[in-house]
Amino acid sequence: MISAPSLALPLPQRGLAEFLLVGGLTPLLFLLSWLLRESLGLDDAELAVGFTFFYGAHLVNDPHFAVSYLLFYEDVRARAFGAAFSSGQRVRYWLAGFVVPLCLLAWAGYALLTRCLPAFGILIQLMFWLVGWHYVKQGFGVLMVLGAQRGMRFSLRERQAVLAHALCGWLYAWANPHDPGRTLEEKGVLYATFAHPRWLEPLALALLLATVPPLVWALRGKRRLATPLTGFLCSVWAWSIFSALDPLVRYAIPALHSLQYLYFVWLLKGSEAREREREPWFETAAPARLARLALCALALGWLLFHGLPGWLDGGKKGPLGPTPWFAALYAFVNIHHYFMDSVLWRRDNPRMRYLQMSTRELP
């Protein structure tokens, strides 16, 4: 990727705010959770926090999914058929943008039409299996991008050491605690989990601990990494491995992850908008472009998670439960989101140059 120092944001806008948005809010929420439980009691505190984040999803979680569609299918003809992407990137774009959603639609359609609970269960478990991978890979990206912005480059072996720790953290988070096979409910649909072998949890823990020394080695001598390292460690440890540590903070984890994601969308699209409002384009002013993107993400998020499934479910309870369409759309969007991000946020995506800003004075 190339750098674009002329697109740098003023430093006062990128210090504390960036730290909080990419993960720094997490320890503050642990403190707030303790204060709420001490003052209100666990039951009342959980009711208040759960209510807040349930409705807060309209403004944070849902748009974070929706905006990935707006970014991914932007300039779709040039990306799928033209010269916007290299041949390898174009193949990935086709797979994530067309093959994967068609397969997911066929899978979910089969589960809905045949009222097949096992098929539904596999779809939901795939979603939960991939969500940890998505969290830790995003944390890895935070460390790499913000580290590069601060002049801290990672060699191939250092990148591999950091990524190994992230992926082993994902594996351990999924394997812990041991699951003998249970019946659970997700979005109104019951499903049976796959039993984990008993040796999986200790093996995953051993692999995770084995990646700690290489991680420390990869970070040696690198300074000014307080913000990117916080984003990485929160993604792996607080939001994945110890996601159930605090009964109140766990409600906030999807929102914290979404804020981290939306911050990078803002960096990307804000830099692009400021470039496009100058010569030779003289397009719409950057604030107007960003406001339009935000409104479109809000509207699409409401449609995907509320308007469309509410209309399809119709308030009727069937053999699959009261909200099978909601469960199907929720799983579909989550899984598709993971695949789209694996194409969007790659170094060989030409648009990623907008993330390379000069921020030498940042902490």
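Residues numbered from 1 in each chain as written. Predicted model: local features only at pLDDT ≥ 70, side-chain atom pairs only at ≥ 80, totals over all residues. Heavy atoms only, no water.

Draft legend 1. Molecular detail of the packing of aromatic side chains. The full count for this structure, using the stated rule, is 18 aromatic pairs. Seen from their ring centres, Phe51 and Tyr55 are 4.8 Å apart, and the 55 degrees between their planes marks the pair as tilted. With Phe51 and Tyr55 both in helix 2 (residues 42-56) and four residues apart, the pair spans about one turn of that helix. According to the relative accessible area criterion, Phe51 is exposed, its value standing at 54%. Centroid distance Phe65 to Phe305: 5.5 Å. Interplanar angle 55 degrees. Geometry classified as tilted. Within this pair, whereas Phe65 is found in helix 3 (residues 61-72), its partner Phe305 is found in helix 12 (residues 286-313), the two being separated by 240 residues in sequence. Pair check on accessibility: Phe65 and Phe305 agree, each one buried. (Phe/Tyr/Trp six-rings, centres within 6.5 Å; stacked < 30°, edge-to-face > 60°. Helix = DSSP H or I, 4+ residues; strand = E, 2+ residues; numbered from the N terminus. Buried < 20%, exposed > 50% of the residue type's maximum accessible area, 1.4 Å probe, protein only.)

Draft legend 2. Representation of the confidence of the model for the protein within the structure. Mean pLDDT over the protein works out to 90, with 94% of the residues at or above the 70 mark. Within the model, pLDDT remains below 50 along residues 1-13, and this stretch shows 27 contacts once partners closer than five positions in the same chain are excluded. For the stretch residues 358-363, pLDDT sits under 50, and the model shows 19 contacts to residues farther than four places along the chain or on other chains. (pLDDT = per-residue confidence, 0-100. Contact = heavy atoms within 4.5 Å.)

Draft legend 3. Structural detail: empty space enclosed by the protein. For the structure on display, the rule yields one cavity of 30 Å³ or more. In this structure, the largest cavity occupies an estimated 80 Å³ of space. If you trace the largest cavity, you find it lined by Leu71, Glu74, Arg79, Leu268, Lys269, Glu272, Leu344, Trp345, Asn349, Arg351 and Met352. Here the element with the most residues in the lining of the largest cavity is helix 11 (residues 249-276); it accounts for three residues. For the lining of the largest cavity, the residue count by class is five nonpolar, one polar and five charged. (1 Å grid on protein atoms, 1.4 Å probe; cavity = no way out; pocket = protein on both sides within 12 Å on 5 of 7 lines; lining within 4 Å. Points joined across faces, edges and corners; volume = space filled by probe spheres on them. Nonpolar A, V, L, I, M, F, W, Y, C, P; charged D, E, K, R; others polar.)

Draft legend 4. Summary view of the pattern of salt bridges. In this structure the tally under the stated criterion is 17 salt bridges. With a closest N to O distance of 3.0 Å, Arg220 and Glu158 form a salt bridge. One end of the pair, Arg220, is in the loop between helix 9 (212-219) and helix 10 (226-241); the other, Glu158, is in helix 7 (residues 156-175), and 62 residues separate them in sequence. The exposure class assigned to Arg220 is partly exposed, which follows from its relative accessible area of 43%. Owing to a relative accessible area of 7%, Glu158 belongs among the buried residues under this scheme. Note that Glu186 and Lys187 form a salt bridge whose closest N and O atoms lie 2.7 Å from each other. Overall, Glu186 belongs to the buried group, its relative accessible area being 14%. Connected through shared salt-bridge partners, Glu74, Arg79, Lys269, Glu272 and Arg351 make up one network. (Salt bridge = Lys/Arg side-chain N within 4 Å of Asp/Glu carboxyl O.)

Draft legend 5. Structural view of the nonpolar core. Core analysis: the biggest nonpolar cluster contains 40 residues, and Val67, Phe72, Phe120 and Val333 have the highest contact counts within it. Of all the secondary-structure elements, those providing two or more residues to this core are helix 3, helix 5 (87-114), helix 6 (117-149), strand 2 (189-192), helix 11, helix 12 and helix 13 (324-344). Top contributing element to this core by residue count: helix 13, with 10 residues. Ignoring sequence-local partners within four residues, the contact set of Val67 consists of Tyr261, Leu262, Val265, Leu293 and Ala297. (Core = buried A, V, L, I, M, F, W, Y, C linked by side-chain atoms within 4.5 Å.)

Draft legend 6. Focus on the layout of surface pockets. Here the second largest pocket is characterised by a volume of approximately 950 Å³. Forming the boundary of the second largest pocket are 30 residues, of which Phe140, Gly141, Trp345, Arg346 and Arg347 lie nearest the centre. Elements with a minimum of two residues in the lining of the second largest pocket: helix 6, helix 7, helix 11 and helix 13. Here the element with the most residues in the lining of the second largest pocket is helix 6; it accounts for 10 residues. For the lining of the second largest pocket, the residue count by class is 17 nonpolar, six polar and seven charged.

Draft legend 7. Spatial organisation of the pairing of strand 1 (residues 183-186). Bridge count for strand 1 against strand 2 is four bridges, and the pairing is antiparallel. Along strand 2, the bridge assignment pairs Thr183 with Ala192. In textbook terms, the turn of a hairpin is the stretch between consecutive antiparallel strands, and for strand 1 and strand 2 this stretch comprises two residues, one of which, Lys187, has a positive phi near 55 degrees. (Pairing = 2+ DSSP bridges.)

Draft legend 8. The arrangement of helix 7 in detail. Helix length check: helix 7 (20 residues) gives 28 Å between terminal C-alpha atoms against 28 Å at 1.5 Å per residue, within 8%. Of the residues making up helix 7, those classed as buried are Glu158, Ala161, Val162, His165, Ala166, Cys168, Gly169, Trp170, Tyr172 and Ala175. In the core, the buried residues of helix 7 are packed alongside helix 6, helix 8 (200-210), helix 9 and helix 10. (Expected span 1.5 Å × (residues − 1).)

Draft legend 9. Representation of the side chain of Gln138 in the model. Relative to the helices and strands, Gln138 resides in helix 6. Judged by relative accessible area, which is 13%, Gln138 ranks as buried.

Draft legend 10. Just unusual backbone geometry, in detail. Backbone torsion omega between Asn176 and Pro177 reads 0 degrees, so that peptide bond is classified as cis. Summarising the element assignment, Pro177 is placed in the loop between helix 7 and strand 1. Here the bond from Glu279 into Pro280 is cis, since omega is 5 degrees, no more than 30 degrees from zero. Tracing the backbone shows Pro280 in the loop between helix 11 and helix 12. Phi is positive for Arg115, which is not a glycine, with a value near 55 degrees. Mapped onto the fold, Arg115 is located in the loop between helix 5 and helix 6. You will see that Arg224, though not glycine, has its phi angle at about 60 degrees, which is positive. For Arg224, the location among the structural elements is in the loop between helix 9 and helix 10.

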